[in-house]
Amino acid sequence: MREIVIGGAQMGPIQKADSREAVVERMLKLLSQAKVAGCDLVVFPELCLTTFFPRWYMEDQSEVDGWFEHAMPNDATAPLFTAARSAGIAISFGYAEATAEGQYFNTSILTDSEANIIGKYRKVHLPGHSEFDTERAFQHLEKRYFAPGDLGFPVWRNMDAIMGMCICNDRRWPEVYRVMGLQGVELVMLGYNTPSLNSQLAGEALERRLYHSDLSMTSGAYQNSTWVVGVAKAGDEDSHPLMAGSIIVDPNGYVVARASGEGDELIIHACDMDACNFGKSTVFDFGRHRRIEHYARICEQTGVELPD
Ligand code: CDT
């Protein structure tokens, strides 16, 4: 048995006016709840230090820069690393990363249980658009503010397990889980900011949006025999609702923990990494069953090519 007690730290809304320091205070509370509950690892959401700023159209680069972190850890997040180190809890969280070379990414990091950063992932599938879109009920400008991630989908050995990360929209793409699955991933961690409404489809029910989120993560877990932890930033951010629905999914695709509200909330499960072994050595033993001679199209073609 290789048990890791995992806390999914769903976060409630962060308003535009909220400071990083106030947000980190909330994260510290979740971390101390996790410590009391005996968690070994806590996963926080995508872009969890600020409001989901890509909903706001900005032309002034200095204003855009204000939403980004130029170092990690930094003054605002240092207390989080200190607390995690003293609790012996590994953490993962998402933030907007500005590099020294002037690149901008939607990033998440993973630490070991001594709060050393051992893994970094930069979001590959950036949804939305790059210019103001008058046709949408609200904006989703990730393609304006971020470059597509340039690190691929690496995995890391941590806490006697193989761990990987993806971010929000990535969870909807089976390729993401499979690329990590091909590296033996046993735990995929992800955070999300998913609007409760579809900006291009008035009337789409929240129930359907939650269903698609579950469907994406449960199928990714089952088809790669891996744990998946998906954590929302949820609730009403300056009158823009984000859906909740944080879950922990086992390697059979069952949801074993689910958030009940839209606020700061810790969901917990003791995840046995050995539960991945059966699926990985039978129906999803990739080495025995995959037929890569028929999969070339997946890497050679982006969009649909219709038959004549
Ligand atoms: N943050 C993020 O990736 N959100 C997307 C919303 C897509 S709507 C343009 C998601 O897939 O949940």
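Residues numbered from 1 in each chain as written. Predicted model: local features only at pLDDT ≥ 70, side-chain atom pairs only at ≥ 80, totals over all residues. Heavy atoms only, no water.

Side note on the pattern of salt bridges
Point 1. A complete count under the given rule lists 18 salt bridges for this structure.
Point 2. Across the pair R144 and E131 runs a salt bridge, and its minimum N-O distance is 3.4 Å. With R144 in helix α4 (residues 142–145) and E131 in the loop between β5 (117–122) and α4, this pair connects stretches of sequence that are 13 residues apart.
Point 3. Between E293 and R291 there is a salt bridge, with its nearest N and O atoms 3.1 Å apart.
Point 4. According to the relative accessible area criterion, R291 is partly exposed, its value standing at 47%. (Salt bridge = Lys/Arg side-chain N within 4 Å of Asp/Glu carboxyl O. Helix = DSSP H or I, 4+ residues; strand = E, 2+ residues; numbered from the N terminus. Buried < 20%, exposed > 50% of the residue type's maximum accessible area, 1.4 Å probe, protein only.)

A few points about the packing of helix α5 (residues 174–181) against helix α6 (residues 206–224)
Point 1. With their axes 9 Å apart at the nearest point, α5 and α6 run at an angle of 30° to one another. Relative to α6, α5 is oriented roughly parallel. Note on packing geometry: the crossing formed by α5 with α6 is right-handed. Together, Y177, R178 and G181 of α5 and S216, M217, G220, Q223 and N224 of α6 make up the contact between the two elements.
Point 2. Classifying every residue of the contact of α5 with α6 by side-chain character gives two nonpolar, five polar and one charged. (Axes fitted to C-alpha atoms, helices over the stretch in contact; angles between N-to-C directions. Parallel < 35°, antiparallel > 145°, perpendicular 65-115°, else oblique. Left-handed = near helix turned anticlockwise from the far one by under 90°. Contact = heavy atoms within 4.5 Å. Nonpolar A, V, L, I, M, F, W, Y, C, P; charged D, E, K, R; others polar.)

Section: the side chain of S196
Point 1. Assignment of secondary structure puts S196 in the loop between β8 (187–192) and α6.
Point 2. Within the structure, S196 has its side chain in polar contact with the backbone nitrogen of M243 (distance 3.1 Å).
Point 3. When sequence neighbours within four positions are dropped, the list of residues in contact with S196 reads L206, R209, P241, L242 and M243. (Polar contact = N/O pair within 3.5 Å; in protein donor to acceptor, adjacent residues only side chain to side chain.)

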